[in-house]
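Coordinate inspection notes
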Amino acid sequence: MDIVWSVAGGIIGFVAGLLLRSTVFRLSVADGEPARTTCSRCEAPIAGRFRCRQCHGWYGVPLVLELVTAAVLALLLWRFAGLADAAAYAFVGALGVALAAIDLAVQRLPNRLTLPLYPGLLALFGISALTEGHPDKLLRAAAGGLVLGGCYLVLALISRGQLGIGDVKLAGGLGIALGWLGWPTLLAGASLGFVLMSVVSLALLVARRVTLQHSLSFGPFMLCGALIAVLAAG
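Throughout what follows, the structure given in this document is the object of discussion. All figures in this text were calculated on a predicted structure; none of them were measured in a lab. (Residues numbered from 1 in each chain as written. Predicted model: local features only at pLDDT ≥ 70, side-chain atom pairs only at ≥ 80, totals over all residues. Heavy atoms only, no water.)

1. Quick notes on unusual backbone geometry
A positive phi is found at E43, a non-glycine position, where the angle reads about 65 degrees. Among the secondary structure elements, E43 is positioned in the loop between α1 (2–27) and α2 (64–79). For E43, a relative accessible area of 53% gives the class exposed. Here the phi dihedral of Q107 falls at roughly 50 degrees; this positive angle occurs in a residue that is not glycine. (Helix = DSSP H or I, 4+ residues; strand = E, 2+ residues; numbered from the N terminus. Buried < 20%, exposed > 50% of the residue type's maximum accessible area, 1.4 Å probe, protein only.)

Below is the structure:
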């Protein structure tokens, strides 16, 4: 049965990646710049979900977003097979892949994708709380969002630009998803982001691919750490 859910997650993830492709393409611009409105190849207005209708070129690298989203949702639906929680984690998983793609491209986590995490997750977890009869989990999830978002806000204020406000907004959303599973999961997910960032940064420094002056996008590490913690949670 878990395999069936995993396959379903893969299919849903692939479709979600297709639907999000044009949004990712539009929002992959430098901070402060307006969203893209035209194809980067032929300058035709953006129309269609994943390919330009005039030159038929893909918006971004073909199939990467779809396959990564499929893999993430396959893992999440395998983890939450048959549970009411599955919808909430599929939601944050799909948006998380889109956010990671944008952050890697332009070091930006746009409000258009971070802010919907809050009402979306609270609504979906609210449904789970009602069906399972555990309103305490919803309260803990909301508290988790406040705690992790607040901690990141403090870090952003004292880090002098090393953490951006986009990271703070993403942290609040991830705090809701992690807090639903418990405080140990929240702590693990938050810590793993920094651990992964440190390991990758050290490896890149040793390989001389970056210098100490380089700034890596932190959003993907936050999301990977949260994903690992969620999958490992008992």
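Read on for the rest.
2. A closer look at the packing of aromatic side chains
All told, the structure shown has 7 aromatic pairs when counted by the stated rule. By way of ring pairs, the aromatic residues F80, Y89, F125 and W180 are connected into one cluster. One residue, R36, lies across the ring of F25, its end atom 4.6 Å from the ring centre. In this arrangement the basic side chain of R79 is found over the ring face of F80, its NZ or CZ atom lying 4.4 Å from the centre. (Phe/Tyr/Trp six-rings, centres within 6.5 Å; stacked < 30°, edge-to-face > 60°. Lys NZ or Arg CZ within 6 Å of the ring centre and 35° of its normal.)

3. Quick look at the pattern of salt bridges
Proximity of charged atoms lets side chains of opposite charge pair with each other. All told, the structure shown has 3 salt bridges when counted by the stated rule. Note that R108 is salt-bridged to D31, the shortest N-O span being 4.0 Å. In this pair, R108 sits in the loop between α3 (86–106) and α4 (111–114) while D31 sits in the loop between α1 and α2, placing the two residues 77 residues apart along the sequence. Owing to a relative accessible area of 67%, D31 belongs among the exposed residues under this scheme. Of the charged contacts in the structure, one is a salt bridge between E132 and K137, with a shortest N-O distance of 3.6 Å. Relative accessible area serves as the criterion here: at 29%, E132 is assigned to the partly exposed category. (Salt bridge = Lys/Arg side-chain N within 4 Å of Asp/Glu carboxyl O.)

4. Quick word on the environment of R140
By the secondary structure assignment, R140 is in helix α6 (residues 135–158). Residues R140 and A177 lie 37 residues apart in sequence; the distance between their C-alpha atoms is 10.0 Å. R140 has contacts with G179, W180, L181, G182 and W183, leaving out every residue within four places of it along the chain. (Contact = heavy atoms within 4.5 Å.)

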